[in-house]
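# A structural walkthrough
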Amino acid sequence: MIGEKIIHLPITSSTNDFLKENWNIFPHGTVVVADVQTAGRGRFNRPWYSPEGGLWFSVLFKPRKNVKPNFYTKLCAVSIVRALKHLKIDAKLKWPNDIYADGKKLAGILTETIFKEEKLVAVIVGVGMNINNDIPEELNTKATSLKLLTNVEYKKLSVLSMILRQINKALKVYSKKPEALTRVWKNLLMQKEGQLVCVRTDDETLKGEIIAINEDSITLRTDRGLTSLTSLEIIGFQT
Ligand code: BTN
């Protein structure tokens, strides 16, 4: 069961790094949660501000054969949205897996993998959710927290256990039907096929219609024709 073993650290560099270093001594489903991270990381290797009051945790999955890493990312993203629904928060996913509420980012996911002799042996899904922590001023217009959204100070470990409950439920349902998970994940995305968007990459902003969305890439029809961009190329969406 996911979360059968929970390691609670007062402080660590990064819960993802902790599991990356120790994945072989802990069982599948181990969760590491830290009160503070001193070197929290986000996607694109961006620093992830992780002070006291936020929920910073990672889940260790040891996949069975033929399970793709992003199965676990989608599983966690969908489970977070479902857990938030119980708190009456209508959250959505910003492609690929950012959790948004009230137009601002509430949580992010960083998935990392470990291969041994070309075999996938561990998937580490790290989640950072702003709960009662302050949001730095420069992020005020972009990020939010549970406290700002609800005026309530939730206990982060209660929120964690709500999320873990949803992950366990979802694992039961979707392990044998990964394509059903993809459908649910797609339905929760803010980006939809047919939508006109501006996509920011490292060196330009592309305007176009979304033709196809999947876990790894988005295909746009721009005035230059069809372009597929991966989640590593897309830095953000502009309105
Ligand atoms: C993102 O949106 O860029 C992903 C942010 C992921 C942050 C979490 S906090 C817990 C775990 N440990 C890390 O160093 N990063 C993830």
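Residues numbered from 1 in each chain as written. Predicted model: local features only at pLDDT ≥ 70, side-chain atom pairs only at ≥ 80, totals over all residues. Heavy atoms only, no water.

## Remarks on the site of the ligand
In the vicinity of the ligand, 19 residues are found, and the nearest of them are Ser14, Gln37, Arg41, Arg43 and Lys105. In this structure, threonine 15 approaches the ligand through a side-chain N or O atom, which is 3.3 Å from a nitrogen atom. Between the ligand and arginine 41, the relevant distance is 2.7 Å, taken from a nitrogen atom to a main-chain nitrogen or oxygen of the residue. Protein contacts shield 98% of the accessible area of the ligand, which totals 420 Å² for the unbound molecule. For the shell around the ligand, the elements supplying multiple residues, two or more each, are α1 (15-22), β3 (55-61), β6 (104-116) and β7 (119-129). With four residues, the top contributor of residues to the shell around the ligand is β6. (Near = heavy atom within 4 Å. Polar contact = N/O pair within 3.5 Å; in protein donor to acceptor, adjacent residues only side chain to side chain. Areas by Shrake-Rupley, 256 points an atom, 1.4 Å probe, with all protein chains shown as cover. Helix = DSSP H or I, 4+ residues; strand = E, 2+ residues; numbered from the N terminus.)

## Quick word on the domain arrangement of the protein
Looking at the assigned domains, one finds that the protein contains domain 1 (6-188) and domain 2 (196-237). The centre of domain 1, based on its C-alpha atoms, is set 25 Å off from the matching centre of domain 2. Both faces combined, the contact of domain 1 with domain 2 buries some 940 Å², and carbon together with sulfur accounts for 64% of it. Sorting the residues of domain 1 by area buried against domain 2 places Phe44, Asn70 and Trp95 first, and these three jointly supply 57% of that buried surface. (Domains from an automatic or database assignment. Buried area = accessible area lost by both parts, 1.4 Å probe.)

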